[in-house]
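Here are the chains, one letter per residue:
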Amino acid sequence: QVQLVESGGGLVQPGGSLRLSCAASGSIVSIYNTGWYRQAPGKQRELVATIGSGGRLNYADSVKGRFTISRDNAKSTLYLQMNDLKPEDTAVYYCNVVGSDYVHNVLNVWGQGTQVTVSS
């Protein structure tokens, strides 16, 4: 029942910034983990940043100090602020939520992805 829609991707120059948003619809009772992942052509999908239960934050070493993950529960929206972007950040970025519904069915939901391209 839960659906995720990412937005905010685009083309930027090295050193630029983007803010990604992930809007959730549908009912979810318990959230175990939320986060952002990315996948470049020919590469494995990799973790970018997550928020665990209780607000525990986790960042990939490659983005630590440049990216900030946050969540607005009232708006059911997850954000990724990306600063000082590098060409190596070029990828499709996916939003993810792992949780459960009101009858405790485990949910692992992915958004459709948004393209981030950092030139040269």
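Everything below is about the structure shown above.
Residues numbered from 1 in each chain as written. Predicted model: local features only at pLDDT ≥ 70, side-chain atom pairs only at ≥ 80, totals over all residues. Heavy atoms only, no water.

Further remarks concern the side chain of Thr34. Here Thr34 shows up in strand E4 (residues 30-39). Looking at Thr34, the relative accessible area reads 3%, which means it is buried. Here Arg71 takes part through its side chain, which lies 2.9 Å from a polar atom of the side chain of Thr34. In contact with Thr34, other than residues within four places in its own chain, are Ala49, Thr50, Ile51, Ile69, Arg71, Leu78, Asn96 and Val97. (Helix = DSSP H or I, 4+ residues; strand = E, 2+ residues; numbered from the N terminus. Buried < 20%, exposed > 50% of the residue type's maximum accessible area, 1.4 Å probe, protein only. Polar contact = N/O pair within 3.5 Å; in protein donor to acceptor, adjacent residues only side chain to side chain. Contact = heavy atoms within 4.5 Å.)

Attention now goes to the pattern of salt bridges. Opposite charge on two side chains permits them to pair, given that their charged atoms come into close proximity. If you walk through the whole model with that rule in mind, you get three salt bridges. Residue Arg38 is joined to Asp89 by a salt bridge in which the shortest nitrogen-to-oxygen separation is 3.0 Å. In this pair, Arg38 is assigned in strand E4 and Asp89 in the loop between strand E8 (77-82) and strand E9 (91-100), connecting sequence segments 51 residues apart. Judged on exposure class, the residue Arg38 and its partner Asp89 are both buried. Of the charged contacts in the structure, one is a salt bridge between Arg66 and Asp89, with a shortest N-O distance of 2.8 Å. Note that Arg66 is positioned in the loop between strand E6 (57-59) and strand E7 (67-72) and Asp89 in the loop between E8 and E9, a separation of 23 residues in sequence. What emerges from the salt-bridge pattern is a single network uniting Arg38, Glu46, Arg66 and Asp89. (Salt bridge = Lys/Arg side-chain N within 4 Å of Asp/Glu carboxyl O.)

One open sheet holds the four strands; their spatial order is E1-E3-E8-E7, and the pairing between them is antiparallel. Across the chains shown, the open sheet's two edge strands, defined by having one partner strand only, are strand E1 (3-7) and E7. Within the sheet, the average angular offset between the axes of one strand and its neighbour, ignoring direction, is 15°. As paired elements, E7 and E8 share six bridges and run antiparallel to each other. Paired with Asp72 across the two strands is Thr77, which belongs to E8. (Pairing = 2+ DSSP bridges. Axes fitted to C-alpha atoms, helices over the stretch in contact; angles between N-to-C directions.)

One non-glycine residue, Ser76, adopts positive backbone phi at about 50°. Relative to the helices and strands, Ser76 resides in the loop between E7 and E8. For Ser76, a relative accessible area of 39% translates into the label partly exposed. Unlike most non-glycine residues, His104 shows phi in positive territory, near 65°. Its location among the elements puts His104 in the loop between E9 and strand E10 (106-110).

Moving on to the pairing of E1. Residues Leu4 and Glu6 line the buried face of E1, whereas the alternating positions Gln3, Val5 and Ser7 sit on a face that is not buried. Relative to strand E3 (residues 18-25), E1 is paired through five bridges, and the arrangement is antiparallel. When the sheet's bridge partners are listed, Glu6 is paired in E3 with Cys22.

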